[in-house]
Amino acid sequence: MARELSHYIGGRHVDGLSGRFGDVFDPCTGEVQALVPLAGRAEVQNAVAVAGKAQPEWAAMNPQRRGRILLRFVDLVNRDLDALARLLSAEHGKTLADSRGDIQRGLEVVEFAAAAPHLLKGEFSSDAGPGIDIHSLRQPLGVVAGITPFNFPAMIPLWKSGPALAAGNAFILKPSERDPSVPLRLAELYAEAGLPDGVFNVVNGDKEAVDALLEDSQVKAVGFVGSTPIAQYIYATAAAHGKRAQCFGGAKNHMVVMPDADLDQAADALIGAGYGSAGERCMAISVAVPVGAETADRLVAKLRDRVAALKVGHSLAEGSDFGPVVSKAAKERIEGYIQSGVDEGATLLADGRGFTVPGHEGGFWVGPTLFDNVTPDMDIYRNEIFGPVLSVVRAAGYDEALQPCSGNEFGNGVGIFTRDGDAARDFATRVDVGMVGINVPIPVPLAYYTFGGWKASGFGDLNQHGADAFRFYTKTKTVTTRWPSGLRHGASFVMPEGS
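Note that the structure is predicted; figures quoted are calculated from it, not measured.

## So, the overall build of the protein
- A count of helical and extended segments in the protein gives 16 helices and 23 strands.
- Since a compact globule built from 499 residues should have a radius of gyration of about 23 Å, the 25 Å found for the protein is in line with a globular shape.
- Projected onto the principal axes, the alpha-carbon positions of the protein cover approximately 85 × 60 × 40 Å.
- Counting all 499 residues of the protein, 56% fall into the buried class.
- Sequence-distant contacts, at least 24 apart, represent 73% of the contacts inside the protein between residues at least 6 apart.
- Surface accessibility of the protein: about 20500 Å² in total, with carbon and sulfur atoms responsible for 52%.
- Distance between charge centres in the protein, computed from 46 positive and 58 negative side chains, equals 7 Å.

As structure tokens, then:
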């Protein structure tokens with residue numbers, strides 16, 4: 001019988017009150033393994049009120065003490081890493097190794113956020129005028145929210161919550177209803193680390209919960225990761241209600257392969273970046289752009305051999321390269337795109353439709369799929385498939401290869417494989433994309449740099465993690481000071497100036 005999950009509000013698990021539930025599937029079998037409550041507006045408002053009451057005391061704690069609690073949390077997550085990874089794999093379908101990476105990349109941002117005493121420092125200018133000093137303060141916003149996706153149920157909640165908490169805010173997490181168990185477990189570990197009740201809350205739900213967060217005047221900022229249409233909706237709705245928002249959407253990430261590249265290295269990189277986690281990553285490489293016919297022919301031959309050797313299996317099975325996709329709907333959508341590629345004339349070299357794993361025939365399986373001779377007018381090129389589908393778009397020369405990378409409506413990540421420093425430098429400078437890898441297939445910056453795409457991949461002025469996170473989760477107050485000593489009496493009607 002499927003277990004019933006809860007919300008986590010005010011330091012304890014709270015049963016859902018709306019009477020609505022969503023199914024949490026085991027993607028490897030297709031069976032329902034849990035029911036997740038879908039919060040109504042009143043439940044969200046209650047969580048926000050609880051967070052609002054807890055936030056002032058948390059903000060009053062000095063940032064070094066807040067940082068110590070975050071470091072204790074990191075220790076606890078590492079203590080339970082294997083159990084958390086198994087829980088994540090059971091609901092998402094990614095392999096255990098990939099789940100551990102999901103958690104670890106999230107922890108790196110929490111570790112960075114523990115440096116809050118330094119990152120929250122303001123500026124100071126003495127003698128800005130006669131006897132006048134000016135300094136600035138970075139203060140928390142209050143209650144903030146994170147709306148996070150199914151594909152990284154640990155990493156993105158940690159990317160959002162770590163800096164927000166370190167800055168002195170209270171946090172409401174609305175995780176994906178497809179894999180909510182790890183976020184609930186993270187809430188327990190935050191409490192075990194010493195985070196005061198009500199400072200970190202998890203409210204499960206769907207659009208009703210999202211809209212309640214967006215419309216609540218006590219929620220001052222919202223961070224989101226997901227599809228571009230929803231990112232646009234959340235960004236516009238948050239702005240209409242006077243909130244800050246950082247919203248990250250879809251992607252169509254390219255990798256240019258130059259004639260001088262190490263083609264074995266490039267092929268291995270494409271296989272890992274294209275098919276890892278069944279392609280369910282916003283930084284997955286879904287388009288290879290080899291330069292020149294000879295490069296393309298050699299690269300495609302190497303890709304075909306490697307695709308044929310991939311092992312798709314149960315997420316907990318030793319040796320699985322990737323597991324199922326997250327849902328039946330995702331499987332059907334991906335298979336529809338594969339058929340579209342065939343219909344539009346792309347060359348199908350490996351077909352992942354109809355794939356099954358013996359003993360787990362009901363799972364949401366899609367095998368590795370490889371297309372050659374894809375053109376930018378095809379649906380499989382223009383749309384984010386979010387599955388194990390790699391397309392090869394051939395280019396006659398370097399400038400022709402650069403064009404689709406910059407011309408695509410998305411601008412999340414891009415890579416180039418080459419031994420030529422001039423080509424690499426020119427590419428990094430000219431390409432109209434937010435994150436660039438040079439002989440690096442998945443250019444996800446480390447925690448002390450910021451993560452964010454351009455164009456239809458990102459909405460908002462500030463990115464995730466790095467120093468931008470602290471700018472996003474704080475407001476700046478500037479204080480101008482002059483003490484009475486030596487002042488002449490009498491009113492001045494002149495605008496103050498630097499001289």
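## Here's the deal with the sheet that holds strand β4 (residues 21-26)
- Across the sheet, which stays open at both edges, the 3 strands sit in the order β1-β5-β4 with mixed pairing between neighbours. Looking at the sheet topology across the chains shown, the edges are occupied by β1 (3-4) and β4.

## Structural notes on the pairing of strand β8 (residues 143-147)
- Along β8, 5 of the 5 residues are buried, which leaves the element largely enclosed by surrounding structure.
- Covered by surrounding structure in β8 are V143, A145 and I147 together with V144 and G146, the residues of both alternating faces.
- Note: β8 against strand β9 (residues 170-174), 5 bridges, orientation parallel. Across the sheet, the residue bridging to A145 is I172, located in β9.

## Topic: the domain arrangement of the protein
- With domains assigned, the protein is organised as domain 1 (3-249 + 455-481) and domain 2 (253-438).
- On a C-alpha basis, the centroid separation for the pair domain 1 and domain 2 is 31 Å.
- Every contact between the two is made by 23 residues of domain 1 and, on the other side, 28 residues of domain 2.
- Of the roughly 2100 Å² buried at the junction of domain 1 and domain 2 (both faces included), carbon and sulfur atoms supply 58%.
- For the domain 1 face of the interface with domain 2, the top three residues by lost area are C28, K455 and S457, together amounting to 28%.
- Summed over the shared surface of domain 1 and domain 2, the result is 2 salt bridges.
- Note that D98 is salt-bridged to R281, the shortest N-O span being 3.0 Å.
- For the interface between domain 1 and domain 2, the tally reads 12 residue pairs in polar contact (both at pLDDT 80 or more).
- At the level of secondary structure, the elements contributing two or more residues to the side of domain 1 that touches domain 2 comprise β4, α3 (81-92) and α4 (96-113).

## Regarding the sheet that holds strand β7 (residues 132-140)
- The strand order β6-β7-β23 describes an open sheet built from 3 strands, whose pairing is antiparallel. The open sheet has two edge strands, β6 (124-129) and β23 (474-482), and neither has a second partner. The average angle at which neighbouring strand axes cross in this sheet is 30 degrees, direction not considered.
- Two elements, β7 and β23, share 9 bridges in a ladder whose sense is antiparallel. For D133, the partnering residue across the bridge sits in β23 and is T481.

## Digging into the nonpolar core
- Judged by nonpolar contacts, the single largest core of 65 residues is most densely connected at F73, I103, L165, Y190, F200 and F470.
- Two domains each provide a minimum of three residues to this core, namely domain 1 (3-249 + 455-481) and domain 2 (253-438).
- Setting aside anything within four residues of it in sequence, one finds F73 in contact with L107, V110, L158, L186, L189, Y190 and A193.
- Judged by nonpolar contacts, the second largest core, of 64 residues, contains V291, L303, I380 and Y398.

## Structural notes on a nonpolar patch on the surface
- Together, L446, Y448 and Y449 make up a nonpolar patch on the protein surface, roughly 370 Å² of accessible area in all.
- By the element assignment, Y448 lies in the loop between β20 (435-438) and β21 (454-455).
- Judged by its relative accessible area of 53%, Y448 is exposed.

## A closer look at the packing of aromatic side chains
- Throughout the structure, instances matching the rule amount to 11 aromatic pairs.
- Each residue in the set F73, F171, Y190 and F200 is aromatic and connected to the rest through ring pairs, giving one cluster.

## Some remarks on the packing of helix α10 (residues 263-275) against helix α11 (residues 293-309)
- Contact geometry for α10 and α11: axes closest at 9 Å, N-to-C directions at 55 degrees. Considered as vectors, α10 and α11 are oriented oblique to each other. α10 and α11 meet at a crossing whose hand is right-handed. Counting all contacts with α10, which are made through L263, D264, A267, D268, L270, I271 and Y275, the residues of α11 involved are T295, R298, L299, K302, L303, R306 and V307.
- By residue class, the composition of the contact of α10 with α11 is 8 nonpolar, 1 polar and 5 charged.

## Digging into the UniProt feature "domain: Aldehyde dehydrogenase" (unreviewed entry) in the protein
- If you check UniProt for "domain: Aldehyde dehydrogenase" (unreviewed entry), the listed places come out as residues 22-479 in our numbering.
- Here residues 22-479 runs as 42% helix and 21% strand, with 50 Å between its end C-alpha atoms.

## Let's talk about the pattern of salt bridges
- This model, assessed by the stated rule, comprises 26 salt bridges.
- When the shortest N-O distance is used, the salt bridge between R185 and D80 registers 2.9 Å. Here D80 lies in the loop between α2 (63-79) and α3 and R185 lies in helix α7 (residues 181-193), a separation of 105 residues in the sequence.
- Taking the shortest distance from any N to any O, the salt bridge between R382 and D379 comes out at 2.2 Å. Of the two residues, R382 and D379 both sit in helix α13 (residues 379-382), 3 residues apart, roughly one turn of that helix.

## Describing a positive patch on the surface
- Taken together, K220, R244, K475 and K477 make up a surface patch of like positive charges.
- Judged by its relative accessible area of 40%, K475 falls in the partly exposed class.

## Remarks on helix α1 (residues 41-60)
- With 20 residues, α1 ought to run about 28 Å at 1.5 Å a step, and its terminal C-alpha atoms sit 30 Å apart, in line with that.
- If you look at α1, its biggest bend is around 35 degrees, right at A54, and the proline P56 turns up within four residues after that.

Cut-offs applied
- The residue numbers shown here count from 1 along each chain, following its written sequence.
- Only residues with pLDDT of 70 or above have their local features reported here, since the model is predicted, and side-chain atom pairs are shown and tallied only from 80 upward, although totals for entire chains, interfaces and linings are computed over all residues.
- To get the side-chain values, all heavy atoms of the structure are used, and hydrogens and water are removed first.
- Secondary structure follows DSSP: runs of H or I at least 4 residues long count as helices, runs of E at least 2 residues long count as strands, and numbering of each begins at the N terminus.
- Note that the radius of gyration is over C-alpha atoms, with the globule rule given as 2.2 Å times the number of residues to the power 0.38.
- Relative accessibility under 20% of the residue-type maximum defines a buried residue, over 50% an exposed one, and the middle range a partly exposed one, all with a 1.4 Å probe and only protein chains included.
- Any pair of residues with heavy atoms lying within 4.5 Å of one another is described as a contacting pair.
- Surface accessibility follows the Shrake-Rupley procedure with a 1.4 Å probe radius. Residue values consider only the protein chains on display as shielding.
- When charges are counted, neither His nor the chain ends are considered; positive counts come from Lys and Arg and negative counts from Asp and Glu.
- Throughout, a charge is located at the NZ atom of Lys, the CZ atom of Arg, the CG atom of Asp or the CD atom of Glu.
- When DSSP finds two or more bridges between two strands, those strands count as paired.
- Reported domain spans reflect what an automatic or database domain assignment gives.
- Summed over both partners, the accessible surface that disappears when two parts come together, traced with a 1.4 Å probe, is what is meant by buried area.
- Counted as salt bridges are all cases of a side-chain nitrogen of Lys or Arg within 4 Å of a carboxyl oxygen of Asp or Glu.
- What qualifies as a polar contact is a pair of N or O atoms within 3.5 Å, subject to a donor-acceptor requirement within protein and to the restriction that residues adjacent in sequence count only when both atoms come from side chains.
- Helix axes are fitted only over the stretch in contact, all axes being lines through C-alpha atoms; the angle between N-to-C directions runs from 0 to 180 degrees.
- The set of buried Ala, Val, Leu, Ile, Met, Phe, Trp, Tyr and Cys residues whose side-chain atoms join them within 4.5 Å is what this entry labels a nonpolar core.
- Like-charged residues within 9 Å of one another, or nonpolar side chains (Val, Leu, Ile, Met, Phe, Trp, Tyr) within 5 Å, are grouped into patches, provided each residue has over 30% relative accessible area and no salt bridge.
- Ring pairs are drawn from Phe, Tyr and Trp, using the six-membered ring of Trp, whenever the two centres fall within 6.5 Å, and their geometry is named by plane angle: stacked under 30 degrees, edge-to-face over 60, tilted for the rest.
- Should an angle lie under 35 degrees it is considered roughly parallel, over 145 roughly antiparallel, and from 65 to 115 roughly perpendicular; all remaining angles are considered oblique.
- Should the near helix be turned anticlockwise from the far one by less than a right angle, the crossing is left-handed, and should it be turned clockwise, the crossing is right-handed.
- Classes in brief: Ala, Val, Leu, Ile, Met, Phe, Trp, Tyr, Cys and Pro nonpolar; Asp, Glu, Lys and Arg charged; the others, Gly included, polar.
- UniProt positions are given in the numbering used here, feature names are shortened, and annotations may be inferred rather than shown by experiment.
- A helix is expected to span 1.5 Å for every residue after the first.
- Fitting axes to the seven residues ending at a residue and to the seven starting there, one defines the bend at that residue as the angle between these axes.

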